[in-house]
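Residue-level listing of the chains:
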Amino acid sequence: MNFTNTTIGLASDHTGFEYKELIKKHLEKRGLRYVDFGATSPERSDYPDFAHKLGKAIENKELDMGIALCGTGNGMAFTLNKFPSIRAGLAWNEEVAGLVSAHNKANVLVMPARFITQEEVEKMVDAYLDTPFEGGRHQERIDKICGL
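Since we're looking at a predicted model, the values are computed, not measured.

Engineer: Tell me about the pairing of strand β5 (residues 108-112), and please be specific about residues and values.
Structural biologist: When a strand is regular, its side chains alternate between the sheet's two faces. With five of five residues buried, β5 is to be regarded as a mostly interior element. On β5, burial covers both faces: Val108, Val110 and Pro112 on one face and Leu109 and Met111 on the other are all buried. In this sheet, β5 lies alongside strand β3 (residues 65-70) in parallel orientation, the contact comprising five bridges. Directly across from Ile67, in β5, lies its bridge partner Leu109.

Engineer: Lay out the sheet that holds strand β2 (residues 33-36) in plain terms, naming residues and giving numbers.
Structural biologist: Read from one edge of the open sheet, five strands run β2-β1-β3-β5-β4, paired in parallel fashion. At either margin of the open sheet sits one strand with a lone partner, and together these are β2 and β4 (88-90). Pairs of neighbouring strands in the sheet enclose a mean axial angle of 25 degrees, with direction left out of account. With three bridges connecting them, β4 and β5 associate as parallel partners. Counterpart to Leu90 in the pairing with β5 is Val110. Those strands touched by helix α5 (residues 118-130) are β1 (7-12), β3 and β5, and its axis lies near 160 degrees from that of β5.

So, how was this worked out
- Residues numbered from 1 in each chain as written.
- Predicted model: local features only at pLDDT ≥ 70, side-chain atom pairs only at ≥ 80, totals over all residues.
- Heavy atoms only, no water.
- Buried < 20%, exposed > 50% of the residue type's maximum accessible area, 1.4 Å probe, protein only.
- Helix = DSSP H or I, 4+ residues; strand = E, 2+ residues; numbered from the N terminus.
- Pairing = 2+ DSSP bridges.
- Axes fitted to C-alpha atoms, helices over the stretch in contact; angles between N-to-C directions.
- Contact = heavy atoms within 4.5 Å.

This is the structure in structure tokens:
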């Protein structure tokens, strides 16, 4: 996929902070740009604060996509999916991370930091970024989600 003009938004709470820092390095290795919406440390923080920043940036078309982490991933996904233009997909392994792109055209990948490993994080990010949307029947379903 072509990411020439793409900037990826990143958000995590304290639980996902270390993996978010790893993702930043991984994106840099791939030559990709990112914006970090926090957390800024592993000190206790609340996922909605950072999810809202990421969600607003995508909603305002400042960014096209994002990656978010919290303990189970559910809190980030719940918060992000409140935004009409966001399809945040929760993935817990490489296969599911690819499917949220291929089948759901997710514009935010959400990962459960407490239940994945460092090695899985990088594989999941790559699967999400490198898997194209399949369209067809999947687009029909997305249209139904959006009420079209």
